[in-house]
Amino acid sequence: MDRLTNTIRPYAWGSTTAIPTLLGVAPTGEPQAEMWMGAHPGAPSRLDRGTGETSLSDLIAADPEGELGAATVARFGPRLPFLFKVLAAGAPLSLQVHPDLAQAREGYEDEERRGVPTDAAHRNYKDPNHKPEMICALSPFDGFCGFRRPEEAADLLDGLGVDSLKPYADLLRAHPEDAALREVLTAVLTADREQMARTVTETAAAAERLGGPYAPYAALVHHFPGDPGVIAALLLNHFRLQPGEALFLGAGVPHAYIDGLGVELLANSDNVLRAGLTPKHVDVPELLRVVRFESGDPAVLRPEGDAEEVYETPIDEFRLSRFLLAPGGASRTLPADTAQILLCTAGAPRVGELELAPGESVFVPAGEKAELSGSGTVFRATVIV
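In short, a report on the structure. Remember, predicted model here, so these are calculated numbers, not experimental data.

## With respect to the overall build of the chain
Helices and strands together make up the secondary structure of the chain, namely 12 helices and 23 strands. On C-alpha atoms alone, the chain measures out to a radius of gyration of 22 Å, which is about the 21 Å that the 2.2 N^0.38 rule sets for 385 residues. Among the 385 residues that make up the chain, the fraction classed as buried is 55%. Summarising the internal contacts of the chain: among those between residues at least 6 apart in sequence, 74% fall at separations of at least 24.

## Points about helix H10 (residues 215–223)
Along H10, the residues that are buried comprise Pro 216, Tyr 217, Ala 218, Leu 220 and Val 221. The inward-facing, buried residues of H10 abut strand E9 (141–147), helix H6 (150–159), helix H9 (193–210), helix H11 (229–233) and strand E10 (236–241).

## A short note on the packing of aromatic side chains
Per the stated rule, a full pass over the model turns up four aromatic pairs. Ring geometry for Phe 141 versus Tyr 257: centroids 5.3 Å apart, planes at 75 degrees, classification edge-to-face. Here Phe 141, found in strand E9, pairs with Tyr 257, found in strand E12 (residues 255–267); they are 116 residues apart in sequence, far enough to count as distant. Comparing Phe 141 with Tyr 257 shows no difference in burial state: the two are buried.

## Some remarks on the packing of H9 against H10
In the contact formed by H9 and H10, the axes pass within 8 Å of each other and the chain directions differ by 135 degrees. When the interaxial angle is binned, H9 and H10 end up oblique. H10 is crossed by H9, and the crossing has left-handed handedness. Along the contact surface, H9 presents Val 200, Ala 204, Ala 207 and Glu 208, while H10 presents Ala 218, Val 221 and His 222. A breakdown of the residues in the contact of H9 with H10 according to their chemical character gives five nonpolar, one polar and one charged.

## Some points on the sheet that holds strand E17 (residues 332–334)
The four strands lie next to each other as E17-E22-E19-E20, forming an open sheet whose pairing is antiparallel. This sheet does not close on itself; its edge strands, each paired only once, are E17 and strand E20 (354–355). In the sheet, strand E19 (residues 350–351) pairs with E20 via two bridges, with the strands oriented antiparallel. Counted as the bridge partner of Arg 350 is Glu 355 from E20.

## Looking at the side chain of Thr 345
Among the secondary structure elements, Thr 345 is positioned in strand E18 (residues 340–347). Residues in contact with Thr 345, not counting those within four places in the same chain, are Leu 22, Leu 138, Val 263, Pro 358, Thr 377 and Phe 379.

## Regarding the pattern of salt bridges
One pass over the structure, following the stated rule, counts 25 salt bridges. Taken together, the salt bridges that share partners define one network made up of Asp 2, Arg 49 and Glu 67.

## Things to note about the packing of helix H7 (residues 166–174) against helix H8 (residues 177–190)
For the pair H7 and H8, interaxial distance at closest approach is 8 Å and the crossing angle is 160 degrees. The angle between H7 and H8 falls in the class roughly antiparallel. Like other packed secondary-structure pairs, H7 and H8 cross with a definite hand, here right-handed. Note on element contacts: H8 touches H7 through Ala 180, Leu 181, Glu 183, Val 184, Ala 187 and Val 188, opposite Tyr 168, Leu 171 and Leu 172. Class assignment of the residues belonging to the contact of H7 with H8 gives a composition of eight nonpolar, no polar and one charged.

What counts, and where the lines are drawn
- Residues numbered from 1 in each chain as written.
- Predicted model: local features only at pLDDT ≥ 70, side-chain atom pairs only at ≥ 80, totals over all residues.
- Heavy atoms only, no water.
- Helix = DSSP H or I, 4+ residues; strand = E, 2+ residues; numbered from the N terminus.
- Rg over C-alpha atoms; globule rule 2.2 N^0.38 Å.
- Buried < 20%, exposed > 50% of the residue type's maximum accessible area, 1.4 Å probe, protein only.
- Contact = heavy atoms within 4.5 Å.
- Phe/Tyr/Trp six-rings, centres within 6.5 Å; stacked < 30°, edge-to-face > 60°.
- Axes fitted to C-alpha atoms, helices over the stretch in contact; angles between N-to-C directions.
- Parallel < 35°, antiparallel > 145°, perpendicular 65-115°, else oblique.
- Left-handed = near helix turned anticlockwise from the far one by under 90°.
- Nonpolar A, V, L, I, M, F, W, Y, C, P; charged D, E, K, R; others polar.
- Pairing = 2+ DSSP bridges.
- Salt bridge = Lys/Arg side-chain N within 4 Å of Asp/Glu carboxyl O.

Take it as geometry only, folks, not as evidence of what the structure does.
This is the structure:
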């Protein structure tokens, strides 16, 4: 097994303190948004097996079956199918959705045919893969996820007392769910920008005055004045996860994270379609093709099991579980059929001969047994084959 050296991404929305606090180091004063663990080409983890430091992506490329296992390679190809992260939101992330596998392949092939550069700001599909993801809270974690029921969204809009929101509330009440949500989101994202900016300003003032359920939306305007994503977010459910709780996000589900520290596990893809709360490219027609206009409450996940607590999801590219190791407790031997990444988030557990501090992680190749001992909290990322 290999201790990993991981890259921290300095995105502007990142917290300046959460990841340094986890790692037990002094903050730099700069945002530290995500710590990546895995073999993504954008920032692969690094390790040293005695011949000098190399990237995990290069190591896997040199011997896919030896590192990942034959079953994983047969199922997902010669690459690690997931990306593991520590995510620290100090400001809202963009309001976004991810495509399903068929949509990703179609969109990627279309942009390849049209010769859109992979690094172009207006490119939607960086790869032909879908991007289901899970966020598991390490601290109280806030965000928006999935559409409210249209009548609930209409009541929320009416409660603000902003005249320019009334047409949206009327549309939400006038049509069946799919059509109502589609019409209102389309109208918000295609509205005249000057008029929308005024609506957002009035909405923010009302939300700040009213507080309560409006407080999370009022906070958005401080980061994104005039952004139509503020109004689009009013169509979504607000959620708050407590430490240990998780949320799975499938294709087409609009979401945005607002604040908190969490462990994120996702399929190895960069495909994001944005709806707002961002200065980046927003492709409204493509977004509307991908969004699933279905309402429902966010399904909060809690781990199930005894020794290994598993967060159950409907996909196979990744599997997240947690070990709570009590002082003096029995050691735990992990299955060796697939590659895995183990992350310590508390205490001083041991993985074989390696002792981990909070924020440290190890890669365990397929076929190598890993024994957990000591005390602390360890998250395990692997695949289902």
